[in-house]
Amino acid sequence: MTGYRVSDVMTRQVVYLPAETTLDEAARVMKQADIGDVVVTDGASLAGMLTDRDIVVRAVAENSSPAATTIGSIVTREVVMIEQHCTAGEAAALMRDRGIRRVLVCDSDRKLVGIVSLGDLAMQLDPTSALSEISEQSPTV
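Residues numbered from 1 in each chain as written. Predicted model: local features only at pLDDT ≥ 70, side-chain atom pairs only at ≥ 80, totals over all residues. Heavy atoms only, no water.

Per an unreviewed UniProt entry, the chain goes by the name CBS domain-containing protein and belongs to Micromonospora zamorensis.

Pasting the structure below:
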């Protein structure tokens, strides 16, 4: 990963959904866009990030109704960001230290410009690795 910047490996497609969106609708959006996360908004503010794992672990495992439960009620509100000019190694270290698999990417003005995932880093490090293959094949909700 030497020499690679977060901007070289991040996903630039960021999907925003309002906190009032139901879980079933969020899952449909993720499936249609073939993504595993969305950024949740509360009006003009960033409320957090919702992942496919959040839907499964926080909602399905707790028997929440996907049609009645809003993403705002289960969203991960602690938002971890990294600047796009940081190195891929710094992003990996941040993920390891925080125990997370995705980090929001911002520019120098703290404007959201993308998302970097563990899979993005693995693909850059070694596209033939098992982790890279799993990341590419891993279906989203």
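Undergrad: Can you lay out the packing of helix α2 (residues 23-33) against helix α3 (residues 52-60) for me, pointing to particular residues and giving the numbers?
TA: With their axes 10 Å apart at the nearest point, α2 and α3 run at an angle of 150° to one another. Taken together, the axes of α2 and α3 are roughly antiparallel relative to one another. Note that α2 runs across α3; the crossing there is left-handed. For the pair α2 and α3, contact is made by L23, A27 and M30 and by D52, I55 and A59, respectively. Residues of the contact of α2 with α3, tallied by class, amount to five nonpolar, no polar and one charged. (Axes fitted to C-alpha atoms, helices over the stretch in contact; angles between N-to-C directions. Helix = DSSP H or I, 4+ residues; strand = E, 2+ residues; numbered from the N terminus. Parallel < 35°, antiparallel > 145°, perpendicular 65-115°, else oblique. Left-handed = near helix turned anticlockwise from the far one by under 90°. Contact = heavy atoms within 4.5 Å. Nonpolar A, V, L, I, M, F, W, Y, C, P; charged D, E, K, R; others polar.)

Undergrad: Can you explain the nonpolar core? Please cite residues and give values.
TA: Counting 18 residues, the largest nonpolar core has V38, V40, L50 and I71 as its most contacted members. Those elements giving two or more residues to this core turn out to be α2, β2 (37-42), β3 (45-51) and α3. Considering every element that reaches this core, the biggest residue donor is α2, with five residues. Not counting residues within four places of it along the chain, the set of residues in contact with V40 comprises L17, P18, A19, S45, L46, A47, G48, L50, I71 and V75. V6, M10, V105 and V116 belong to the second-largest nonpolar core, a separate cluster that totals 13 residues. (Core = buried A, V, L, I, M, F, W, Y, C linked by side-chain atoms within 4.5 Å. Buried < 20%, exposed > 50% of the residue type's maximum accessible area, 1.4 Å probe, protein only.)

Undergrad: Tell me what's going on with the sheet that holds strand β5 (residues 102-106), and back it up with residues and numbers.
TA: Taken in spatial order, the three strands make up an open sheet running β4-β5-β6, and their pairing is mixed. Both edges of this open sheet fall to β4 (81-83) and β6 (112-117), since each of them pairs with a single strand only. When strand polarity is set aside, the average angle formed by the axes of neighbouring strands in this sheet is 35°. Helix α4 (residues 88-98) contacts β4, β5 and β6 of the sheet and is inclined by roughly 165° relative to β4. (Pairing = 2+ DSSP bridges.)

Undergrad: Talk me through the sheet that holds β2; I want residue IDs and the actual numbers.
TA: An order of β1-β2-β3 is seen for the three strands of this open sheet, with the pairing classed as mixed. Both outer strands of the open sheet, β1 (16-18) and β3, are each paired with one neighbouring strand and no more. Averaged over neighbouring strand pairs, the angle between their axes works out to 35° when direction is ignored. Here β2 pairs with β3 via six bridges, running antiparallel. Considered in β3, the bridge of D37 is made with T51. Across the sheet, α2 is in contact with β1, β2 and β3; its angle to β3 comes to roughly 75°.

Undergrad: Break down unusual backbone geometry for me, with residues and values.
TA: In terms of backbone geometry, most residues other than glycine have negative phi values and most peptide bonds are trans. In this structure, D34 takes a positive phi of about 55° despite not being glycine. Looking at where D34 falls in the secondary structure, it is placed in the loop between α2 and β2. A positive phi is found at R110, a non-glycine position, where the angle reads about 65°. On the secondary structure map, R110 appears in the loop between β5 and β6. Given the relative accessible area of 57%, R110 is considered exposed.

Undergrad: Go over the confidence of the model for the chain, please, and point to the residues and values.
TA: Per-chain confidence: the chain averages 86 in pLDDT, with 87% of residues scoring 70 or above. Here residues 130-135 is modelled with pLDDT under 50, and outside its nearest four sequence neighbours on either side it reaches eight contacts, counting other chains as well. (pLDDT = per-residue confidence, 0-100.)

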